[in-house]
Amino acid sequence: MHSETRLILGGLTTLAVATAALVVLPYITIADSAPAPGLKPYTPTELRGREQYIQHGCVYCHSQQPRARAFAPDAKRGWGRATVAGDYAYDDPPLLGTMRTGPDLMNIGARQPSDQWHLGHLFQPRAYVPGSIMPAYPFLFDVRDRADEGETIVALPPGTVPEGEVVVARPAALDLVAYLKSLDRSYPALAADQ
Amino acid sequence: MSPLAILMSAFILSIVGLGFFIWSQRAHLTDPSTEGSEVIFAAGEIGTPEEPAAPLATRPAAGADDAELAARARADASTAPLVFFFYCCAFVWLLVASAAGLTASIKLHAPDWLTADAWLSFGRIRTVHLNAVAYGWAPMAGLGTALFVIPRLLKTELVGGRYALLGAALWNAALIAGLGSLAYGVSDGLEWLEIPWQIDLLFVAGGALIGLPLILTLRRRQVAHLYVSVWYMGCALFWFPVLFLVANVPGLHHGIEQATMNWWFGHNVLGLFYTPLALASIYYFLPKVIGRPIQSYNLSLLGFWGLAFFYGQVGGHHLIGGPVPGWMVTLSIVQSMMMILPVAAFTANQHLTLKGNLAALRHSPTLRFMCLGGLMYTASSVQGSFEALRSMNAVTHFTHYTVAHAHLGLYGFVSLVFFGAMYFVIPRITGRDWPWPRMISAHFWLASIGVAIYFVSLTIGGWLQGRAMLDESRGFMESVLLTLPYLKARSVGGAMMALGHVIFAAHFIRLLTARGASRRAQPASPFATAAEGI
């Protein structure tokens, strides 16, 4: 090959084809999918919780995309129906995930609606799920001898913290749990595409 | 437009395009002369290996044209301080990435270890690991090598090296800021694109400045023919900015389209940036070290344009079963399988070139790393093609199997090749020999056995994990618990790799600080004197 111009133009052409297929066409067809009927926008608290979800890297172990019945038994595990583009209309960015080191969370809010369970589980996952390899997030909580008024005390299984100490959820933990509880795409999907 | 029409047109466009580009080079395709592949040798040099990392006694005297060798020494001299800076950064990021990766690995089987600080939690330290490799180690080693090789290939001195130096400074400043913000908890939330877009501006400026000398040097070239390594390196330096810029424009990408863009970027940064830089290194150093041109120049043409046409479209296979258009996923699966073509072309070429020259493996550390790296390119590419098939993907997606595959590619292939290149280049740019040849062997064996343990254990563990998740009669926790022994084995493999890197870095420091006997009078040693002048 003797011409660098031809080389670079050729190289950029191939990339243009790829970009057209994987970025431009999806941009035209699905970037502005209408919200699925039944999907509510996030509240400010839930959005702050979503920031927590992103900054602690939950997405590296938890997917948010149950697959179709023909593909995998995700629905039978209680993870919900296969998602459609409209389910992510308020997600910026969508947190589809690529790993299931832990379970899919697209419908964790429907599956586990208890604040206390989520808070305690974040503080020490192994107190709730024996053998879990999820990290503990003690830095989202304060361990003190008493709580002030208006603070949320986490009710933990006995033995998780020493006798006489209470675990108080910090605002970040409360936000994160609000977000987790908002993860509920259990409304019917068929209408979402139409 | 119907999905089928989109699918068919993208596929046909690729095939026709590939045919056209190879046809447009036809004058040389059928040309039996190997002139193109001999451009990396001086007159009379073929048959003479160049391997500055080998023990002195095994190095033959060059019987080549003195003027040409002197010109090459000047080319080396023009890049020495610059490449030295890139490599120093590469060493630092290699060690940072190893420490972060090993920490993340241990945390997966010891989840209550180091939980007090947010920045050390798995989700953050894993991200620091990925970004230190993706924007630190790999580009610093790869671009440093490219800057060393390009003037040699164009038979001229590097033009505009100071721009690249400024660019590298900006790039590394951006990476420090980026890793800091990830550790602190500021992230854009997309895999491979976590670093906040405000910091990405610095990467763009730095990257452009690093690419500038390529254009300036190309215009000053003294050769008519552009060697195959120039194609790969040249295109990689144009591909990456387009990828990075399009992916990071704030506010442009919306909804689920962000996911398709995410994997268009994520896979192309591997396939159109690290892969071409590493393949270009193999195409240059392998023939150089054995002193014989590559066997088939035409196969390398097929390998290059095949990669250019097919690789760009494979990213959608990360979203199989996801909420994205089916035609896009199918297109990516088809192009993933088509990748077997250029990979086979490269593999055949490497095999034919090495045939009868394997004895050189005994003396040449560069060749050892390059050969194993090249084999791992074939292995990881073929594995990747099959992983894209729906039947296989249903098991392996969402499991540690994918992590094993990623490390086979980015470590077994790319990193090993860059290790080999650095063992070759560092004596040339410092004018000093590697003081402890045994340390090179130790590094080689720790890296290759380490990554073998890593890959085999996570592949088995990931496969079993995927099988367990597909069986609804088994609880989810079963798929977690069964991976534990394999995750521990991964930490062992990872620790060996990290130890290899510590040895590599210590050896480099020793080379720089050694006095006396290890210094070598050598025409291409301007940096040694330049450095002492500072």
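Residues numbered from 1 in each chain as written. Chains lettered and ligands numbered in written order. Predicted model: local features only at pLDDT ≥ 70, side-chain atom pairs only at ≥ 80, totals over all residues. Heavy atoms only, no water.

An unreviewed UniProt entry lists chain B under the name Cytochrome oxidase subunit I profile domain-containing protein, from Denitromonas halophila.

Identification of chain A as Cytochrome-c oxidase from Denitromonas halophila is taken from an unreviewed UniProt entry.

**Things to note about the overall build of chain A**
Looking only at helices and strands, chain A has five helices and three strands in total. Ordered by position from the N terminus, the helices and strands of chain A form the series α-α-α-α-β-β-β-α. Compactness check: chain A gives a C-alpha radius of gyration of 22 Å against a globular reference of 16 Å for 194 residues, more than 25% above the reference. Across its three principal axes, chain A shows a C-alpha extent of roughly 80 × 45 × 35 Å. The burial tally for chain A puts 57% of its 194 residues in the buried class. Pairs at least 24 apart in sequence give 69% of the contacts found in chain A among residues at least 6 apart. (Helix = DSSP H or I, 4+ residues; strand = E, 2+ residues; numbered from the N terminus. Rg over C-alpha atoms; globule rule 2.2 N^0.38 Å. Buried < 20%, exposed > 50% of the residue type's maximum accessible area, 1.4 Å probe, protein only. Contact = heavy atoms within 4.5 Å.)

**With respect to the sheet that holds strand β3 (residues 166–169) of chain A**
Residues and elements named next belong to chain A. An order of β1-β3-β2 is seen for the three strands of this open sheet, with the pairing classed as antiparallel. Each edge of the open sheet carries a strand with a single partner, namely β1 (141–144) and β2 (153–154). Of the pairings in the sheet, the one linking β2 to β3 comprises two bridges and is antiparallel in character. Note that in β3 the partner of Val-154 across the bridge is Val-167. (Pairing = 2+ DSSP bridges.)

**Details of the nonpolar core**
Ranked by internal contacts, the top residues of the largest apolar core, which has 205 residues, are A:Phe141, B:Tyr135, B:Trp137, B:Trp264 and B:Phe265. Ignoring sequence-local partners within four residues, the contact set of B:Tyr135 consists of B:Trp171, B:Leu175, B:Trp192, B:Leu193, B:Ile195, B:Phe203, B:Phe240, B:Phe244, B:Phe265 and B:Tyr274. (Core = buried A, V, L, I, M, F, W, Y, C linked by side-chain atoms within 4.5 Å.)

**Overview of the UniProt feature "domain: Cytochrome c" (unreviewed entry) in chain A**
UniProt tags residues 44–184 of chain A as "domain: Cytochrome c" (unreviewed entry). Within residues 44–184 of chain A, the helical portion is 26% and the strand portion 7%, while the C-alpha atoms at the span's ends are 17 Å from each other. (UniProt positions renumbered as here; feature names shortened; annotations may be inferred.)

**Some details on the interface of chain A and chain B**
Frequently, the measure chosen for interface size is the accessible area removed from exposure when the parts meet. Contact with chain A, which involves 69 residues of that partner, is made by 95 residues of chain B. In this assembly, chain A and chain B are joined by three salt bridges. Between B:Glu472 and A:Lys76 there is a salt bridge; the shortest N-O distance is 3.2 Å. The interface formed by chain A and chain B contains 18 residue pairs in polar contact (both at pLDDT 80 or more). Elements represented by at least two residues in the side of chain A that touches chain B include exactly α1 (4–30) and α2 (44–55) of chain A. Of all the elements, α1(A) adds the most residues to the side of chain A that touches chain B, at 19 residues. Here the side of chain A that touches chain B is built from residues that sort into 40 nonpolar, 19 polar and ten charged. (Salt bridge = Lys/Arg side-chain N within 4 Å of Asp/Glu carboxyl O. Polar contact = N/O pair within 3.5 Å; in protein donor to acceptor, adjacent residues only side chain to side chain. Nonpolar A, V, L, I, M, F, W, Y, C, P; charged D, E, K, R; others polar.)

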